[in-house]
Amino acid sequence: MTTVRRSDATRAAILEAARERFASDGYERATIRAIARDAGIDPSMVMRYYGNKEGLFAAASDIEIGLPELGALPARHIGAVLVTHFLERWERDEVLTAMLRVGVTNEAGAARMQEVFAQQLGPVARGVCPDPEDAPRRAALVASQILGMALARYVLRLPPAIAMSAEEVVAWLGPTVQRYLTAEAP
C-alpha cells in the first residue's frame, strides 16, 4: 500500500514540475534534470516512470477539456456555452496555457494540441453541425477562435484582450462559434 501511494505521489510531483517547467521554459529548453530537481527527486525516477522527455511531455499534456453536454441545450446557445466553458478553463488551468505556449513553438506540442482538439472538440462538432462530414472543418474553425483568443489573452497578454470581461468575450466570440458549428456551409 505505501509503495503504491509513494509511487502515485512521485508521479504527481513529476507531472506538476513538468507542467510548470514546460510552461516556463518551453519544450526545447525544459530538461529532465531540471524537472527532477523541481520535483525533489532523482532524474532516473523521471525516466523510470515516463521513459523519455517525449513520454513525460505526453503525460504532462494529457488534458481533459471537459466539454459540457450539449445534447439538451437549444442549438442557439451552443456557441456561448462553449466560449464560456473555454474561458473558465483558461482562467483556472495553467496547463492549457502551457500547452498553448509549447504548441506554437514545438512540433510535439502542436501535435498534442491537435490530438486534444480532434478527440474532444471533433465529436461536439459532429453532434451539432448540419453535415457531420463537415465536422472536422467546423471544429478547426471553432479552435481558431478559441485558441486565437487564448493566445491573445493568456500568452501574448494583449491589453485589449485582457481588458474585456468574460461576458464581452462571450458576446463577441459566441455568435461566431455558433455560426461555425450550426450554420449552413457557405
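Residues numbered from 1 in each chain as written. Predicted model: local features only at pLDDT ≥ 70, side-chain atom pairs only at ≥ 80, totals over all residues. Heavy atoms only, no water.

(A) Region of the structure containing the overall build of the protein chain. Each helix and strand counted, the protein chain has eleven helices and zero strands in total. Order of helices (α) and strands (β) in the protein chain, N terminus to C terminus: α-α-α-α-α-α-α-α-α-α-α. Counting across all 186 residues of the protein chain, residues that qualify as buried make up 44%. Across the protein chain, every contact between residues at least 6 apart in sequence was considered, and the portion connecting residues at least 24 apart equals 65%. Carbon together with sulfur atoms contributes 55% to the accessible area of the protein chain, which is approximately 10,300 Å² in total. On the protein chain, the mean spot of the 21 positive side-chain charges and the mean spot of the 23 negative ones are 4 Å from each other. (Helix = DSSP H or I, 4+ residues; strand = E, 2+ residues; numbered from the N terminus. Buried < 20%, exposed > 50% of the residue type's maximum accessible area, 1.4 Å probe, protein only. Contact = heavy atoms within 4.5 Å. Areas by Shrake-Rupley, 256 points an atom, 1.4 Å probe, with all protein chains shown as cover. Lys, Arg positive; Asp, Glu negative; His and termini not counted. Charge placed at Lys NZ, Arg CZ, Asp CG, Glu CD.)

(B) Helix H3 (residues 43-50), seen in detail. Listed in full, the buried residues belonging to H3 are Val46, Tyr49 and Tyr50. Looking straight down H3, one finds its buried side chains confined to an arc of 80°; they lie on one side. The positive-phi residue at the C-terminal boundary of H3 is glycine 51, with phi of around 80°. (Arc of directions from axis to C-beta.)

(C) Just helix H5 (residues 78-92), in detail. Its 15 residues give H5 an end-to-end C-alpha distance of 21 Å, which sits within 8% of 21 Å, the value for a rise of 1.5 Å per residue. In this structure, the buried side of H5 is in contact with helix H6 (94-105), helix H7 (107-120), helix H8 (122-128), helix H9 (135-155) and helix H11 (166-182). (Expected span 1.5 Å × (residues − 1).)

(D) Broad picture of the environment of arginine 6. Within the secondary structure layout, arginine 6 lies in helix H1 (residues 2-29). With 28 residues separating them in the primary sequence, arginine 6 and alanine 34 have C-alpha atoms 21 Å apart.

(E) Spatial organisation of the side chain of arginine 89. Inspection of the secondary structure assignment puts arginine 89 in helix H5. When neighbours within four sequence positions are excluded, arginine 89 is seen to be in contact with Ile63, Glu64, Ile65, Gly66 and Leu96.

Read these as geometric descriptors, not functional statements.
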